[in-house]
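A structural walkthrough
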Amino acid sequence: GVAVREYPTDTGPADYVLFVNSLPVGIIEAKAEDQGGRLHVHEEQVQEYAQAQLKYISSSSIPFLYLSTGVITKFTDTRDVHPRYREVFTFHRPETLLKWYRQDASIRTRMHHNIPALDHTGLRDCQIDAITNLEKSFKDAKPRALVQMATGSGKTFTAITSVYRLLKHVKAERILFLVDTRNLGEQAEGEFRKYQPQDDNRLFPELYGVHRLTSSNVPQDSQVYISTIQRLYSILKGEEMDESAEEANPNELKSFVKEPLPVVYNERLPIEFFDFIVIDECHRSIYNLWRQVLDYFDAF
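Things to note about the overall build of the chain
Along the chain, the regular secondary structure elements total ten helices and ten strands. In terms of overall size, the chain behaves like a compact globule, its C-alpha atoms giving a radius of gyration of 21 Å where 300 residues would be expected to give roughly 19 Å. Projected onto its principal axes, the C-alpha positions of the chain cover 60 × 45 × 30 Å. The contacts of the chain with a sequence gap of at least 6 include a subset with a gap of at least 24, amounting to 63%. For the chain, the exposed surface amounts to about 15,200 Å²; the carbon and sulfur share of it is 48%.

Shown next as structure tokens:
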């Protein structure tokens, strides 16, 4: 990956043009720090550079656009069905941009077009409503959703059904399933391992890799990762975690109730590592803790 500063185009020099393996894939429009609240007014400017002809090389429209003050960075993929800027923790890796560039459609476009109607067989009405409305929300370009279901209504089963559909139809690469105690993580792992989808005779682990994080090691080859919020936060902080921190609800631990220290970029766990994040009943008292995790990853 190479960023070329002040690259000439037929509409003027772009602040930075991003190349991966000599392919122009992205544009960065850089602004002063005091412009953080006004980045939206520069969206048309970076779009013009993306559609301009680059000097020295032949190029079509460049898909990946960034607006950044160095403190606040916003990103959009112009190939999305509903392209819009979203704030990201930092820039994506060159290999990720190249992979996205070579795909026929972005994950948001696949989300919009590729999910078939839900088969209601074996599902309760509340589960049908939850999955249907969740997928409608994603299709409407609303990347955050809250599902409320009564105790005993099969929330975990509903979540796993949704995860399965995202993996199969949207071709999501990795999904994070967050819990707030080790016990809940073990229960979720058990539910994933015995889940059998309606359209396949095989169990979930025969189709997709399921891994529960029990250390700071995060393997690259699974599709579903189950973790406590405490462990994932410690990984992003690059700190060792007291194993007992996963035993009790963080709401009961004074060390987690206080304002947590901010996470930092982790090369082993880049912002694009997960495509979707499912949070299972994380208590509102640790909102700042899991909010940092959500804000770190560029995920639904």
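Moving on, there is more to tell.
So, helix α5 (residues 155-169)
An ideal rise of 1.5 Å per residue puts 21 Å on 15 residues; α5 measures up with 21 Å between its terminal C-alpha atoms. Three or more residues of α5 are buried, namely Thr-158, Ala-159, Ile-160, Thr-161, Ser-162, Val-163, Tyr-164, Arg-165, Leu-166, Leu-167 and His-169. Just beyond α5, the residue with positive phi is Lys-171, at close to 60 degrees.

A few points about the pattern of salt bridges
Throughout the structure, instances matching the rule amount to 14 salt bridges. Ionic pairing is found between Glu-95 and Arg-93, a salt bridge with its closest N-O pair at 3.8 Å. Judged by its relative accessible area of 46%, Glu-95 is partly exposed. Ionic pairing is found between Glu-191 and Lys-194, a salt bridge with its closest N-O pair at 3.3 Å. Of this pair, Glu-191 and Lys-194 both sit in helix α6 (residues 182-194), three residues apart, roughly one helical turn. A relative accessible area of 28% places Glu-191 in the partly exposed class. Three or more residues are tied together by salt bridges with common partners; here these are Arg-93, Glu-95 and Glu-272.

Re the side chain of Glu-135
With respect to the helices and strands, Glu-135 occurs in helix α4 (residues 125-139). Not counting chain neighbours up to four residues away, the residues in contact with Glu-135 comprise Ile-115 and Arg-165.

Side note on the sheet that holds strand β6 (residues 86-88)
Reading across from one edge, β1-β2-β3-β4-β5-β6 is the order of the six strands in this open sheet, with mixed pairing throughout. Of all strands in the sheet, those bounded by a partner on one side alone are β1 (2-7) and β6. When strand polarity is set aside, the average angle formed by the axes of neighbouring strands in this sheet is 30 degrees. Judged from the three bridges that link them, strand β5 (residues 73-77) and β6 form a sheet pairing that is antiparallel. Paired with Lys-74 across the strands is Glu-87, a residue of β6. Packed on one face of the sheet, helix α2 (residues 94-102) meets β2 (14-20), β3 (23-30), β4 (64-68) and β5 and runs near 120 degrees to β3.

Focus: the environment of Tyr-164
Here Tyr-164 is to be found in helix α5. Through-space distance from the C-alpha of Tyr-164 to that of Val-88 is 26 Å; in sequence the pair is 76 residues apart. With near-sequence residues (within four places) excluded, Tyr-164 lies in contact with Tyr-195, Pro-197, Asp-199, Asp-200, Phe-204, Leu-207 and Tyr-208.

Thoughts on the packing of helix α8 (residues 229-237) against helix α10 (residues 287-296)
In the contact formed by α8 and α10, the axes pass within 10 Å of each other and the chain directions differ by 55 degrees. In this view, α8 runs oblique relative to α10, as classed from their interaxial angle. When you trace α8 past α10, the crossing you get is left-handed. Contacts between α8 and α10 involve Ile-229, Leu-232, Tyr-233 and Leu-236 on the former and, on the latter, Leu-289, Trp-290, Gln-292, Val-293 and Tyr-296. Class assignment for the residues of the contact of α8 with α10 results in eight nonpolar, one polar and no charged.

Examining the layout of surface pockets
Roughly 1,000 Å³ of internal volume is contained in the largest pocket. What lines the largest pocket is a set of 32 residues, and nearest its centre among them are Ala-145, Leu-146, Val-147, Ile-279 and Asp-280. Secondary structure elements with two or more residues in the lining of the largest pocket: α4, α5, β10 (276-279) and α10. The element best represented in the lining of the largest pocket is α5, accounting for seven residues. Its volume calculated, the second largest pocket comes out at about 550 Å³.

Some words on unusual backbone geometry
Negative phi characterises most residues that are not glycine, and trans characterises most peptide bonds. Even without being a glycine, Asn-21 presents a positive backbone phi close to 50 degrees. Relative to the elements of secondary structure, Asn-21 occurs in the loop between β2 and β3. Of note, the phi angle at Tyr-56 is positive, near 80 degrees, even though the residue is not glycine. Following the sequence through the fold, Tyr-56 ends up in the loop between α1 (43-51) and β4. Residue classification places Tyr-56 among the exposed positions, given a relative accessible area of 68%.

Parameters at a glance
Residues numbered from 1 in each chain as written. Predicted model: local features only at pLDDT ≥ 70, side-chain atom pairs only at ≥ 80, totals over all residues. Heavy atoms only, no water. Helix = DSSP H or I, 4+ residues; strand = E, 2+ residues; numbered from the N terminus. Rg over C-alpha atoms; globule rule 2.2 N^0.38 Å. Contact = heavy atoms within 4.5 Å. Areas by Shrake-Rupley, 256 points an atom, 1.4 Å probe, with all protein chains shown as cover. Expected span 1.5 Å × (residues − 1). Buried < 20%, exposed > 50% of the residue type's maximum accessible area, 1.4 Å probe, protein only. Salt bridge = Lys/Arg side-chain N within 4 Å of Asp/Glu carboxyl O. Pairing = 2+ DSSP bridges. Axes fitted to C-alpha atoms, helices over the stretch in contact; angles between N-to-C directions. Parallel < 35°, antiparallel > 145°, perpendicular 65-115°, else oblique. Left-handed = near helix turned anticlockwise from the far one by under 90°. Nonpolar A, V, L, I, M, F, W, Y, C, P; charged D, E, K, R; others polar. 1 Å grid on protein atoms, 1.4 Å probe; cavity = no way out; pocket = protein on both sides within 12 Å on 5 of 7 lines; lining within 4 Å. Points joined across faces, edges and corners; volume = space filled by probe spheres on them.

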